[in-house]
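These are the residues of each chain, in order.
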Amino acid sequence: MELTQHTPDLSAYLAADEAIDHEHPVVREIADRLAEGVADSYAYARSAYEFVRDTIPHSQDSGDPRVTWRASDVLLRRTGICHAKAHALAALLRAEDIPTALCYQRLAWDDGAGYVLHGLVAVRFNGAWHRQDPRGNKPGVDARFSLAGERLAFVPDQKSNEMDYPVLYAGPHPAVLSALKGAPDRTALSKALPTEL
């Protein structure tokens with residue numbers, strides 16, 4: 001699959017917005033801490049990825065009903081669904097001038113009753129985009145930071161009508177952001193999120 005930028009200007013993938021608020025003191029403090037002693041931007045990116053993947057529980061896995069969507073809130077409250085964790089990772093990476101995009105997959109629910117829109121990121125290294133999934137590992141999910149072949153949490157099954165969306169967004173998709181901002185809890189959020197783009 002060929003990944004394509006929604007916005008041609010690469011600087012858009014370094015910008016701050018209301019969800020990817022990488023100028024916030026909480027984001028800056030964590031970025032500065034993660035950047036200490038790393039050899040290069042690749043090592044920093046891997047460290048930031050592992051920090052979000054491993055220290056911020058996916059709220060569905062942990063049973064946390066709270067909905068977070070702004071990167072600084074995700075990092076402060078230490079909870080979020082895949083979209084929120086993607087915003088947090090994008091903020092940490094952009095804080096260190098690593099172009100980062102948001103991207104999506106359509107996946108079937110575990111029970112097969114409909115679909116869910118899954119959020120992840122893509123980072124730009126060596127002139128190419130590389131998708132990364134900071135969702136958080138659990139039994140059956142073993143995502144890893146990699147520039148040499150994708151190690152995502154999920155591989156869409158085309159026979160089940162699952163799919164990867166090739167478009168790389170500079171900010172959250174408006175339908176996703178609207179659902180996140182409007183949901184009082186995770187149960188309401190699961191009903192409000194779009195199932196496809």
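Everything below is about the structure shown above.
Residues numbered from 1 in each chain as written. Predicted model: local features only at pLDDT ≥ 70, side-chain atom pairs only at ≥ 80, totals over all residues. Heavy atoms only, no water.

S.K.: Got a minute to help me understand the side chain of serine 146 in this structure?
M.R.: Summarising the element assignment, serine 146 is placed in the loop between β4 (128–132) and β5 (163–164). Using a relative accessible area of 13% as the deciding quantity, one classes serine 146 as buried. Polar contacts involving the side chain of serine 146 include one to the main-chain carbonyl oxygen of glycine 149, which spans 2.7 Å. In this structure serine 146 touches His130, Gln132 and Arg151, once residues within four positions along its chain are discounted. (Helix = DSSP H or I, 4+ residues; strand = E, 2+ residues; numbered from the N terminus. Buried < 20%, exposed > 50% of the residue type's maximum accessible area, 1.4 Å probe, protein only. Polar contact = N/O pair within 3.5 Å; in protein donor to acceptor, adjacent residues only side chain to side chain. Contact = heavy atoms within 4.5 Å.)

S.K.: What's the story with the sheet that holds strand β3 (residues 115–125) in this structure? I'm lost.
M.R.: Strand pairing in a sheet relies on backbone hydrogen bonds, with the paired strands running either antiparallel or parallel. Taken together, four strands build an open sheet; the order of strands is β4-β3-β2-β5 and the sheet is antiparallel. Both edges of this open sheet fall to β4 and β5, since each of them pairs with a single strand only. Where β3 lies against β4, five bridges are found, and the strand directions are antiparallel. Counted as the bridge partner of valine 123 is histidine 130 from β4. (Pairing = 2+ DSSP bridges.)

S.K.: Looking at this structure, I do not really get the packing of aromatic side chains. What am I missing?
M.R.: The description of two aromatic rings rests on the distance between their centres and on the angle between their planes. Inspection of every chain in the model, using the stated rule, returns five aromatic pairs. Ring geometry for tyrosine 49 and phenylalanine 145: centres 5.7 Å apart, planes at 50°, overall tilted. One end of the pair, tyrosine 49, is in helix α2 (residues 41–55); the other, phenylalanine 145, is in the loop between β4 and β5, and 96 residues separate them in sequence. Among the residues examined, tyrosine 49 registers a relative accessible area of 0% and is labelled buried. Taken together, Tyr42, Tyr49, Phe125 and Phe145 form an aromatic cluster joined through their ring pairs. A cation over an aromatic ring shows up here: arginine 106 above the ring of tyrosine 115, its NZ or CZ 4.8 Å from the ring centre. (Phe/Tyr/Trp six-rings, centres within 6.5 Å; stacked < 30°, edge-to-face > 60°. Lys NZ or Arg CZ within 6 Å of the ring centre and 35° of its normal.)

S.K.: Before we go on, may I ask you to explain the environment of cysteine 103 in this structure?
M.R.: On the secondary structure map, cysteine 103 appears in strand β2 (residues 100–108). Considering only alpha carbons, one finds cysteine 103 and histidine 83, 20 residues apart in sequence, at a separation of 9.4 Å. Look past the residues within four positions of cysteine 103 in its chain and what remains in contact with it is His118, Gly119, Leu120, Val121, Ala122, Arg131, Val167 and Leu168.

S.K.: How should I be thinking about unusual backbone geometry in this particular structure?
M.R.: Across residues other than glycine, the phi torsion is negative in most instances, and most of the peptide bonds are trans. For aspartate 97, which is not glycine, the phi dihedral falls at a positive 60°. Along the chain, the position of aspartate 97 falls in the loop between α5 (82–94) and β2. With a phi close to 55°, asparagine 126 is a non-glycine residue in the positive phi region. In this structure, asparagine 126 sits in the loop between β3 and β4.

S.K.: Would you mind showing me how to read the packing of helix α1 (residues 25–35) against α2 here?
M.R.: In helix packing, the relevant descriptors are the interaxial angle and the interaxial distance, both defined with respect to the helix axes. Two elements in contact, α1 and α2, have axes whose closest approach is 9 Å; the angle formed by their N-to-C orientations is 125°. Looking at the two axes, α1 sits oblique to α2. Along this stretch, α1 crosses α2, giving a crossing that reads as right-handed. Residue-level inspection shows Ile30, Ala31, Arg33, Leu34 and Ala35 of α1 in contact with α2, the latter providing Tyr44, Ser47, Ala48 and Phe51. Looking at the contact of α1 with α2, its residues break down into seven nonpolar, one polar and one charged. (Axes fitted to C-alpha atoms, helices over the stretch in contact; angles between N-to-C directions. Parallel < 35°, antiparallel > 145°, perpendicular 65-115°, else oblique. Left-handed = near helix turned anticlockwise from the far one by under 90°. Nonpolar A, V, L, I, M, F, W, Y, C, P; charged D, E, K, R; others polar.)

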